[in-house]
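The chain contents come next:
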Amino acid sequence: VVYSTEAGMTGYSWSISAGGSITSGAGTNSVQVSWNTAGPQTISVNYTDGNGCTAATATTYNVMVNTLPVPVITGADSVCNGSTGVAYSTEAGMTGYSWIISAGGSITSGAGTNSVQVSWNIAGPQTISVNYTDGNGCTAVTATTYGVMVNALPVPVITGLASVCNGSADVVYSTEDGMTGYSWIISAGGSITSGAGTDSVLVTWNNAGPQTISVNYTDGNGCTASTATGLAVTVHQIPVADAGPDTIYISTPVQIGDPSTGPGTISWLPAAGLS
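This section reports on the structure supplied with the text. The shown structure was predicted, so the numbers you read here are calculated from the model rather than taken from an experiment. (Residues numbered from 1 in each chain as written. Predicted model: local features only at pLDDT ≥ 70, side-chain atom pairs only at ≥ 80, totals over all residues. Heavy atoms only, no water.)

Looking only at helices and strands, one finds 0 helices and 22 strands in the protein. Counting only residues that meet the buried cut, the protein has 31% of its 275 residues in that class. Across the protein, the fraction of contacts at a sequence separation of at least 24, relative to all contacts at a separation of at least 6, is 53%. On the protein, roughly 16100 Å² of surface is accessible, and the fraction owed to carbon and sulfur atoms is 56%. (Helix = DSSP H or I, 4+ residues; strand = E, 2+ residues; numbered from the N terminus. Buried < 20%, exposed > 50% of the residue type's maximum accessible area, 1.4 Å probe, protein only. Contact = heavy atoms within 4.5 Å. Areas by Shrake-Rupley, 256 points an atom, 1.4 Å probe, with all protein chains shown as cover.)

Now for the sheet that holds strand β21 (residues 209-218). As summarised here, the arrangement of the 4 strands in space is β16-β22-β21-β18, forming an open sheet in which the pairing is mixed. For this open sheet the edge positions go to β16 (163-165) and β18 (180-186), each flanked by a neighbour on one side alone. In this sheet, adjacent strand axes meet at a mean angle of 25 degrees when their direction is disregarded. (Pairing = 2+ DSSP bridges. Axes fitted to C-alpha atoms, helices over the stretch in contact; angles between N-to-C directions.)

Before going further, it helps to examine the state of the cysteines. Inspection of the entire model under this criterion finds 1 disulfide. Between the sulfur atoms of Cys 80 and its disulfide partner Cys 223 the distance amounts to 2.1 Å. Taking the sign of the torsion about the S-S bond as the criterion, the disulfide between Cys 80 and Cys 223, at about -100 degrees, is left-handed. On the criterion of sequence distance, the pair formed by Cys 80 in strand β8 (residues 78-80) and Cys 223 in the loop between β21 and β22 (229-236) is long-range, its members being 143 residues apart. Cys 223 matches Cys 80 in its accessibility class, with the two residues each being buried. (Disulfide = S-S within 2.5 Å.)

A few words now on unusual backbone geometry. The residue Asp 170 is not glycine, and still its phi comes out positive at about 55 degrees. Assignment of secondary structure puts Asp 170 in the loop between β16 and β17 (171-174).

The next point concerns the packing of aromatic side chains. This structure, assessed with the given rule, holds 8 aromatic pairs. Ring geometry for Tyr 12 and Tyr 47: centres 5.6 Å apart, planes at 65 degrees, overall edge-to-face. Placement of Tyr 12 in strand β2 (residues 10-16) and of Tyr 47 in strand β5 (residues 39-48) is noted, with a sequence separation of 35 residues between them. The same class applies to Tyr 12 as to Tyr 47, namely buried. With a centroid separation of 6.2 Å and an interplanar angle of 90 degrees, the aromatic rings of Tyr 173 and Trp 205 are classed as edge-to-face. With a gap of 32 residues between them, Tyr 173 in strand β17 and Trp 205 in strand β20 (residues 200-205) connect regions that are remote in the sequence. (Phe/Tyr/Trp six-rings, centres within 6.5 Å; stacked < 30°, edge-to-face > 60°.)

With that out of the way, let us pick up the sheet that holds strand β3 (residues 20-24). Taking strand neighbours across the sheet as the criterion, the 3 strands line up as β1-β4-β3 in an open arrangement whose pairing is antiparallel. Unpaired on one side and paired on the other, β1 (2-4) and β3 mark the two borders of the sheet. The sheet shows a mean angle of 40 degrees between the axes of neighbouring strands, direction not considered. Pairing analysis gives 3 bridges linking β1 to strand β4 (residues 30-35), with the strands arranged antiparallel. Each residue of the ladder has a partner; that of Ser 4, found in β4, is Ser 30.

For Gln 41, the position within the fold is in strand β5. On the basis of relative accessibility, which here comes to 10%, the residue Gln 41 falls in the buried class. Here Gly 19 takes part through its backbone nitrogen, which lies 3.1 Å from a polar atom of the side chain of Gln 41. Aside from chain neighbours lying at most four places away, what touches Gln 41 is Ser 17, Ala 18, Gly 19, Trp 35, Tyr 61, Asn 62, Val 63 and Val 65. (Polar contact = N/O pair within 3.5 Å; in protein donor to acceptor, adjacent residues only side chain to side chain.)

Bringing the environment of Thr 144 into the picture now. Tracing the backbone shows Thr 144 in strand β14 (residues 144-151). Among the residues examined, Thr 144 registers a relative accessible area of 18% and is labelled buried. With 74 residues separating them in the primary sequence, Thr 144 and Val 70 have C-alpha atoms 7.0 Å apart. Within the structure, Thr 144 has its side chain in polar contact with the backbone oxygen of Pro 71 (distance 2.6 Å).

Right under this line is the structure:
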């Protein structure tokens, strides 16, 4: 920082308070100073003019060394992958706002202001950082970085019978426990008889043919699968036994008995297990 006094004099004598140091120009009419301690500081000078006269006291110049700002970021530090419009903000009323985001996200609006909106597109640990210039014209030495965990979306798994008979009741289907917001959906050929809103349901299948049951939920990170998980179920028609014809016809003549003594008789006996 440059401080100067009248040129063409001799015996320039600069002095500085403990919060700064003269880095160049001592003994000349212009010095450069580094300020290292925040708070009120001073720099003073005296010299001998062309008449050989020196001021009775040096001239003292007051300098306020302002503390560097430390930006603060507020916003969600745990989000779901695919989240959009997530707001992050820092102190208002500053200038030169500069936001930087890691590769797993993108700033969709607000760049250059104190508040941005972000879309998070890659699961895992991510960061967002900001810096600015405050009302004193000071900028933080390093930007403030804020850690954000982008959680992977859950993928529900359904366990249960994928092949049943038409009319089957209380067929159990379940998914991961310990979640919230369980939502089960079943095709028109079945009905949930109990357990809706929980991790396990009982189903009655009423129509033969291909059917489905699906589920979604919100996990412990507050994330929900982008689409529900579906399980294909084949509902088989119950067979109807055919006892066969109730009359048996013999198309080939059958001779019963001895023709010389007259017709004989025949008895029909059912096979074992029939009547």
